[in-house]
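# Examining the three-dimensional arrangement
Each chain, written out:
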Amino acid sequence: MSAAHKTPNIERHTIAVLVDNEAGVLARIIGLFSGRGYNIESLTVAEVDHAAHTSRVTVVTSGTPDVIEQIEAQLRRLVPVHGVTNWTTAAPGIEREMALVKVAGTGDKRAEAMRISEIFRAHIVDTTHTSFVFEITGAPDKIDNFVDLMRPLGLVDVSRTGVAAISRGPEAM
Amino acid sequence: MDRDETGLAKADTVEMSGAEMVIRALKDQGVKHIFGYPGGAVLPIYDALFAEEGIVHVLCRHEQGAAHAAEGYARSTGKPGVVLVTSGPGATNVVTGLTDALMDSIPLVVITGQVATHLIGTDAFQEADTIGITRACTKHNWLVKDVDDLARTLHEAFQIATTGRPGPVVVDIPKDVQFKRGPYIGPQTVKHRTYRPKTDPDLGAIVRAIDLMANAKRPLFYTGGGIINAGPEASKLLRELVAATGFPVTSTLMGLGAFPASAPEWLGLVGMHGTYEANHAMHDCDVMICLGARFDDRVTGKIDLFSPDSKKIHLDIDPAQINKNVHVDVPIVADAAKALKEMLHFWKTQKRKVDGVALADWWTQIDHWRAKKSLSFRNSSKIIKPQYAVDRLYELTRGRDAYITTEVGQHQMWAAQRFKFEEPNRWMTSGGLGTMGYGLPAAVGVQMAHPDALVIDIAGEASVQMTMQEMSTAVQYDLPIKIFILNNEYMGMVRQWQQLLHGGRYSHSYSQALPDFVKLAEAYGGAGFRATTPDELDAKIMEMIDVKKPVLFDCRVDPNENCYPMIPSGKAHNEMILCDAEETAEVSDEGKMLV
């Protein structure tokens, strides 16, 4: 991680961007982050309304409050952007992430991995005599914890989706 | 009547080729001049242009020249500049012009040819990822793969380039799309799905701003290119607001001309090479009214020492400029003309008054700073001082219909400090990007728009060689531009920094070989002049003005002159060095890191 993380007022924010689903729109967003030196901790993107031709990008980023304000303003400046919402400041949001976690091993370690997966309500989506693939969904912290616990039990591979976020209550973003 | 899903009457659409659509869209957008260079991937568009009488095409000698010419055209008219170039190298050569226009908020519509859609991604001849390359240096760009989208895209391109904060856009059109036929729609039927720039000010913010202004003891207007971009009305309203308040005014490089330099409230340029009075007023003011400027590092100097005791009002059309470099107390996101109109309206209807006693004290302080005469220099009777040359050029062109462009460096700063602009759109310079080679092609663009005006590029001998080939364009179109070269044989600003910051080690900043600019002018078919002593300067300048040809004027100036006053890197506004000061200003290691 960059030196900026040592500065005390670095904050982690989850920002949703609703965009027109046109060619190159993701490159515009990523280019904005790299060009201006902002961090991307995770990023997810998918079409959310086929008829309206819109996609939703969820970015987890970090920076000082000034930098976060700039990130939001710069995102709003992109022509195909419909709207930007900061779930960390503007609205109480729910964040979820999914991960596929592969653990290889036999004997006690294998039994322990399975026991912990039950505590975390992870599903087993693939199994051999010497391995499991777990599917786990939850807040990013929960996935971090699960992965850390699997490490000594034979963790061999992790694939994470990045954060998806939505507001509580009846309103749209 | 039969209507399609957009509600557009089908009878209103005309079928034509993509290339014909480009020309038709330009005409429907009111375009009279375009700057370009043909090539394989734009041949169909050039073919459609062949018999076209409504549009004048200016054949530049390099695509960068075409882009800067379009910038000069745009900046001097308030209309968008239009560029037409081919794929690959044509597109990559306009990148400098695009970046320049993005930094200085100049509306450009650049149309690039692209290889045929089925060849994209195959490393075809003259293929480049134009959209990828120009994404970071345009306000927006499009690759049009379907001829049915072409007309709409072109109209959107003009809308985006010219509204909100203006900027450059690129429309990349594959060659097969130029040949294909499809329906043309006019500009009036096009409405962008997402793009809605905010131009009307929040009236609450306007009232908070005039509250601050009415209670100010040491107020200052700090104005920028946003006033110019908002049109002549904004400049007029600024003058009225200054007349109503009597507050002092300073301006960024891009904002020169929005407020008349002859007015008593004018303090001159602000920033690194700004006047002593402007910079001290910035440092000491208690209310700063920033209108259409963006707190650029060339203006602020060391950011944590910038105007420490002021409340700041910031008017900008671009919300991303608010709180970017400097925290402001009253942000106003709006078009400058609309916001100034409301400020004046509320100031008058609420019968606001300035604090007259405090303002008189403030002017006394400012006069004390003015007495430093920070633009003074030691003149010589033997050698032409560059400052003297600019002063004479100004005096001898005063009262004429003059437009000034510049290259980048010392000559640019001397021009900005010393040339007195009374009107907006008369000053074309590369501010944000600092592009050497901007001024000559920009003068070509200005002269195309104003054929009878006196268009002068105040140039340096190093910068001007970067786009010298556009002299040929000027000759071809009978454009009597005057390239007034302050020839000091050095990259003067580089030499100055090497003297001040690098122990006088003049590493590769001296041009040991230079062309004979008089012969060069003649070789191009223009006229050449040379002045080497102060006493021959006036007569030569008058001759230059009278020649109805493009001119290269080789004005041999003192090679060792430095541009002062100056805020050294990493210093505050009240730590300026003047021309008589010790020239070994101490600059911290942190300061040396700054450009």
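In this text the structure is predicted, and so the values were computed from the model without any measurement.

Turning our attention to the overall build of chain B. Counting secondary structure elements, chain B contains 23 helices and 20 strands. Taking 2.2 N^0.38 as the reference for a compact globule, 595 residues should give roughly 25 Å; the C-alpha atoms of chain B span a radius of gyration of 25 Å, in line with that estimate. For the C-alpha atoms alone, the extent of chain B along its principal axes is close to 75 × 65 × 45 Å. Within chain B, the fraction of its 595 residues that count as buried is 54%. Restricting the contact set of chain B to residue pairs at least 6 apart, pairs at least 24 apart contribute 77%.

A separate point is the overall build of chain A. Looking only at helices and strands, chain A has four helices and nine strands in total. When the helices and strands of chain A are listed from N to C terminus, the series reads β-α-β-β-α-β-β-α-β-β-α-β-β. Seen through its C-alpha atoms, chain A measures out along the principal axes to roughly 55 × 45 × 30 Å. By the burial criterion, 27% of the 173 residues in chain A qualify as buried. Within chain A, contacts between residues separated by at least 24 positions form 74% of all contacts whose residues are at least 6 apart in sequence.

We now examine the packing of helix α16 (residues 386–397) of chain B against helix α17 (residues 410–418) of chain B. Residues and elements named next belong to chain B. Between α16 and α17, the shortest axis-to-axis distance is 10 Å and the interhelical angle comes to 50°. In terms of orientation, α16 and α17 fall into the oblique class. Considering the relative orientation of α16 and α17, their crossing is right-handed. Of α17, the residues touching α16 (which contributes Pro386, Gln387, Val390, Asp391 and Tyr394) are Gln410, His411, Trp414, Ala415 and Arg418. Its residues assigned to classes, the contact of α16 with α17 shows five nonpolar, three polar and two charged.

With that out of the way, let us pick up helix α12 (residues 276–284) of chain B. Residues and elements named next belong to chain B. With eight of nine residues buried, α12 lies mostly within the body of the structure. Every buried residue of α12 is listed here: Tyr276, Glu277, Ala278, Asn279, His280, Ala281, Met282 and His283. As for α12, its buried residues are in contact with β9 (219–223), β10 (249–251), β11 (266–269) and α15 (356–370).

Position of Ile185 of chain B relative to the elements: it lies in the loop between β8 (181–184) and α9 (203–214). Along the primary structure Ile185 of chain B and His368 of chain B are separated by 183 residues, whereas in three dimensions their C-alpha atoms are 62 Å apart.

Here we take up the confidence of the model for chain A. Fine structural detail should not be taken from predicted coordinates in areas where pLDDT scores are low. Chain-level statistics for chain A give a pLDDT mean of 93 and a share of 95% at 70 or above. Below a pLDDT of 50 lies the segment residues 1–5 of chain A, which in the model reaches three contacts outside its immediate sequence neighbourhood of four places, other chains included.

Another point: the packing of helix α3 (residues 63–77) of chain B against helix α5 (residues 95–103) of chain B. Residues and elements named next belong to chain B. At a minimum axis separation of 7 Å, α3 and α5 run at an interaxial angle of 25°. Taken as axis vectors, α3 and α5 run roughly parallel relative to one another. Residue-level contacts link Gln64, Ala67, His68 and Glu71 of α3 to Thr96, Gly97, Leu98, Asp100 and Ala101 of α5. Here the contact of α3 with α5 is built from residues that sort into three nonpolar, four polar and two charged.

All names here are of chain A. For helix α4 (residues 140–150), the set of buried residues is Ile143, Phe146 and Met150. For α4, the arc enclosing every buried residue in end-on projection is 60°, short of the 170-degree limit, so these residues lie on one face. Of the exposed residues in α4, those oriented more than 90 degrees away from the buried face are Asp141 and Asp148. Its buried side turned inward, α4 meets β5 (93–104), α3 (107–119), β7 (131–138) and β8 (155–160).

Quick look at the interface of chain A and chain B now. The interface is formed by 18 residues belonging to chain A together with 14 residues belonging to chain B. For the side of chain A that touches chain B, the secondary structure elements donating two or more residues are α1 (25–35), α2 (65–77) and β4 (81–86) of chain A. For the side of chain A that touches chain B, the element with the most residues is α2 of chain A, which contributes seven residues. Here the side of chain A that touches chain B is composed, by residue class, of six nonpolar, six polar and six charged.

Moving on: the sheet that holds strand β3 (residues 56–59) of chain B. Two orientations exist for strands paired in a sheet by backbone hydrogen bonds: parallel and antiparallel. Residues and elements named next belong to chain B. Taking strand neighbours across the sheet as the criterion, the six strands line up as β3-β2-β4-β5-β7-β6 in an open arrangement whose pairing is parallel. Pairing within the sheet leaves two strands with one partner each, and these edge strands are β3 and β6 (140–143). Pairwise comparison of adjacent strand axes, ignoring direction, gives a mean angle of 20° for this sheet. In the sheet, strand β2 (residues 33–36) pairs with β3 via four bridges, with the strands oriented parallel. Counterpart to His33 in the pairing with β3 is Val56.

This brings us to the nonpolar core. Ranked by size, the top nonpolar core spans 198 residues in total, and within it Val17 of chain A together with Val83 of chain B carry the most contacts. Not counting chain neighbours up to four residues away, the residues in contact with Val17 of chain A comprise Ile29, Val57, Val59, Leu75, Val81 and Val84 of chain A. The next biggest cluster of nonpolar side chains, apart from the first, holds twelve residues, and it includes Ala99, Ala113, Phe146 and Met150 of chain A.

Moving on, we come to the sheet that holds strand β19 (residues 527–531) of chain B. All names here are of chain B. An order of β16-β15-β17-β18-β20-β19 is seen for the six strands of this open sheet, with the pairing classed as parallel. Because the sheet does not close on itself, it has two edges, and the strands there are β16 (427–428) and β19. Pairing of β19 with strand β20 (residues 551–556), which is carried by five bridges, proceeds in the parallel orientation. Note on β20: the bridge partner recorded for Ala531 is Cys555. The strands touched by α17 within the sheet are β15 (402–406), β17 (454–460) and β18 (482–487), with β17 carrying the most contacts at an inclination of about 135°.

For the rest of this paragraph, the subject is the confidence of the model for chain B. Residues and elements named next belong to chain B. Taken residue by residue, chain B gives an average pLDDT of 95. The fraction at 70 or more is 97%. Across residues 1–11 the pLDDT falls below 50, and counting only partners more than four positions away or on other chains, this stretch makes ten contacts in the model. The ipTM, which scores confidence in the relative placement of chains, is 0.89 for this predicted complex, and the corresponding pTM is 0.94.

Here we take up the environment of Asn229 of chain B. Residue and element names in this part refer to chain B. Looking at the element boundaries, Asn229 is found in helix α10 (residues 225–229). Judged by C-beta crowding, with 28 C-beta atoms within 10 Å, Asn229 ranks as buried. The sequence separation of Asn229 and Gly292 amounts to 63 residues, and the corresponding C-alpha distance is 8.8 Å. Ignoring anything within four residues of it in the chain, the contact list for Asn229 reads Ser105 and Pro166.

Turning to the pairing of β20 of chain B, a few remarks are in order. Residues and elements named next belong to chain B. Counting buried positions along β20 gives five out of six residues, so the element sits mostly inside the fold. Where β18 and β20 come together, six bridges link them in parallel fashion. The residue bridging Ile483 from the neighbouring strand is Leu552, located in β20. You can see the chain leave β19, run along helix α22 (residues 534–546) and come back into β20, and the turn it takes is right-handed.

Reading guide: rules and limits
Residues numbered from 1 in each chain as written. Chains lettered and ligands numbered in written order. Predicted model: local features only at pLDDT ≥ 70, side-chain atom pairs only at ≥ 80, totals over all residues. Helix = DSSP H or I, 4+ residues; strand = E, 2+ residues; numbered from the N terminus. Rg over C-alpha atoms; globule rule 2.2 N^0.38 Å. Buried ≥ 20, exposed ≤ 12 C-beta atoms within 10 Å, placed from the backbone. Contact = placed C-beta atoms within 7 Å. Axes fitted to C-alpha atoms, helices over the stretch in contact; angles between N-to-C directions. Parallel < 35°, antiparallel > 145°, perpendicular 65-115°, else oblique. Left-handed = near helix turned anticlockwise from the far one by under 90°. Nonpolar A, V, L, I, M, F, W, Y, C, P; charged D, E, K, R; others polar. pLDDT = per-residue confidence, 0-100. Arc of directions from axis to C-beta. Pairing = 2+ DSSP bridges. Core = buried A, V, L, I, M, F, W, Y, C linked by C-beta atoms within 7 Å. Right-handed = clockwise from strand over helix to strand, strands pointing away.

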